Amino acid sequence: MPSPTPNIMSTQPASTRITPSILSADFARLGEEVRNVVAAGADWIHVDVMDNHYVPNLTIGPMVCSAIRPHVSVPIDVHLMVEPVDDLVPMFAKAGADYISFHPDASRHVDRTLSLIRENGCKAGLVFNPATPLSYLDYVMDKIDLVLIMSVNPGFGGQSFIPAALAKLREARARIDAWTQAGGQEIVLQVDGGVKIDNIAEIRRAGADTFVAGSAIFGKPDYAGIIKSMREQIAIGETTAI
Ligand code: DX5
Ligand code: ZN
């Protein structure tokens, strides 16, 4: 691993965040949906970009990110499920993304793509599918602001949480803690897929600090009630130590 060097870009507080995925929102009313979910307590907005190539589904591009940007002031967290990656990075940066994450197996030059994201003024995230090894982190920890552990195979909302993600979260948490304790920058540990009120406590216990949730929130009648229940469960996960 490279030696940690203090990173002045890092401003992440040591806290937890809920980032609803607009994949499950009503696309005909996206502006209203993101305003409502932020008013209900969402910390970030998660934007799932799928290209019908890296994943079978086809969703949205930078124009939709630009369209929702004026509706909310919270960070927009763009999850690129596309191959190749690099051409889209400046487009999403211009469209108002704060974080841009990509799958290392979708980029021919992972180190270059991470640098490209930061050069475009965004924070950089690396995403791990259920079978993608964390060893991708070995030489690029200093270039990463977020690690995203997929707890489903990417491509669709509404899938069931894969339990093996818990062990992977624990391993990622150990790597990140070792890195920051050695003086490295703070790194967000995000989880994505099948996150619900009834499993978020154990996901927190495994070390995640940032929780993507799509179908658990959008399409339901009471966004604020769900987010409140999720926070209560996260607090329960924290009282039983990692
Ligand atoms: C899956 C996406 C997820 C998805 C989560 O490829 O990356 O963000 O929308 O949806 P739920 O919470 O319904 O599993
Ligand atoms: Zn996602």
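For the structure, see preceding data.
Please read these numbers as outputs of a predicted model, since none were measured by experiment.

(A) Summary view of the pattern of salt bridges. A complete count under the given rule lists 13 salt bridges for this structure. Here Arg-231 ties to Asp-43 by a salt bridge, and the two come within 3.2 Å at their closest N and O atoms. With a gap of 188 residues between them, Arg-231 in helix α7 (residues 223-239) and Asp-43 in the loop between α1 (30-39) and β2 (45-50) connect regions that are remote in the sequence. For Asp-43, a relative accessible area of 24% translates into the label partly exposed. Note that Arg-175 and Glu-171 form a salt bridge whose closest N and O atoms lie 3.7 Å from each other. Highlighted residues: Arg-175 and Glu-171, both in helix α5 (residues 165-181), separated by four residues, approximately one helical turn. For Glu-171, a relative accessible area of 42% gives the class partly exposed. Through salt bridges with shared partners, one network takes in Arg-17, Arg-173, Asp-177 and Asp-209.

(B) Broad picture of the site of ligand 1. In the neighbourhood of ligand 1, 20 residues make up the surrounding shell, with Asp-48, Gly-155, Gly-158, Asp-192 and Ser-215 lying closest. Interatomic distance of 2.8 Å between a backbone N/O atom of Gly-155 and an oxygen atom of ligand 1. At 2.8 Å, a backbone N or O of Gly-214 approaches an oxygen atom of ligand 1. Considering ligand 1 on its own, with 390 Å² of exposed area, one finds that the protein chains cover 100% of that surface. Contributing elements (two or more residues each) for the shell around ligand 1: β2, β3 (76-81) and β8 (210-213). A per-element tally of the shell around ligand 1 places β2 first, with three residues. Residues of the shell around ligand 1, tallied by class, amount to eight nonpolar, 10 polar and two charged.

(C) Fine view of the sheet that holds β2. Taking strand neighbours across the sheet as the criterion, the eight strands line up as β1-β8-β7-β6-β5-β4-β3-β2 in an open arrangement whose pairing is parallel. Edge positions in the sheet fall to β1 (17-20) and β2, since each of these pairs with one other strand and no more. Strand-to-strand twist across the sheet, computed as the mean angle between neighbouring axes with direction ignored, equals 25°. Where β2 meets β3, six bridges bridge the pair, whose relative direction is parallel. Each residue of the ladder has a partner; that of Val-47, found in β3, is Val-78. Running at roughly 170° to strand β7 (residues 188-192), α5 makes contact with β5 (123-128), β6 (146-150) and β7 of the sheet. Contacts from α7 reach β1 and β8 within the one sheet, and its direction differs from that of β1 by about 145°.

(D) Representation of the state of the cysteines within the structure. Using the criterion set out here, one finds zero disulfides in the structure. Free of any disulfide, Cys-65 has its nearest cysteine sulfur in Cys-122, 9.0 Å distant.

(E) Molecular detail of the coordination of the zinc ion (ligand 2). For the zinc ion (ligand 2), the protein coordination sphere consists of His-46 (NE2), Asp-48 (OD), His-79 (ND1) and Asp-192 (OD), at 2.0 to 2.3 Å. For the zinc ion (ligand 2), the six donor atoms are set out with angles of 69 to 170° between them, so the coordination reads as octahedral. Counting gaps between the donor residues of the zinc ion (ligand 2) yields the pattern H-x1-D-x30-H-x112-D. Given the relative accessible area of 0%, His-46 is considered buried.

Cut-offs used in this document
Residues numbered from 1 in each chain as written. Chains lettered and ligands numbered in written order. Predicted model: local features only at pLDDT ≥ 70, side-chain atom pairs only at ≥ 80, totals over all residues. Heavy atoms only, no water. Salt bridge = Lys/Arg side-chain N within 4 Å of Asp/Glu carboxyl O. Helix = DSSP H or I, 4+ residues; strand = E, 2+ residues; numbered from the N terminus. Buried < 20%, exposed > 50% of the residue type's maximum accessible area, 1.4 Å probe, protein only. Near = heavy atom within 4 Å. Polar contact = N/O pair within 3.5 Å; in protein donor to acceptor, adjacent residues only side chain to side chain. Areas by Shrake-Rupley, 256 points an atom, 1.4 Å probe, with all protein chains shown as cover. Nonpolar A, V, L, I, M, F, W, Y, C, P; charged D, E, K, R; others polar. Pairing = 2+ DSSP bridges. Axes fitted to C-alpha atoms, helices over the stretch in contact; angles between N-to-C directions. Contact = heavy atoms within 4.5 Å. Disulfide = S-S within 2.5 Å. Donors = N, O, S within 2.8 Å, 3.2 Å for Na, K, Ca; no water. Tetrahedral: all angles 85-135°; square planar, octahedral: opposite > 155°, others 65-115°.

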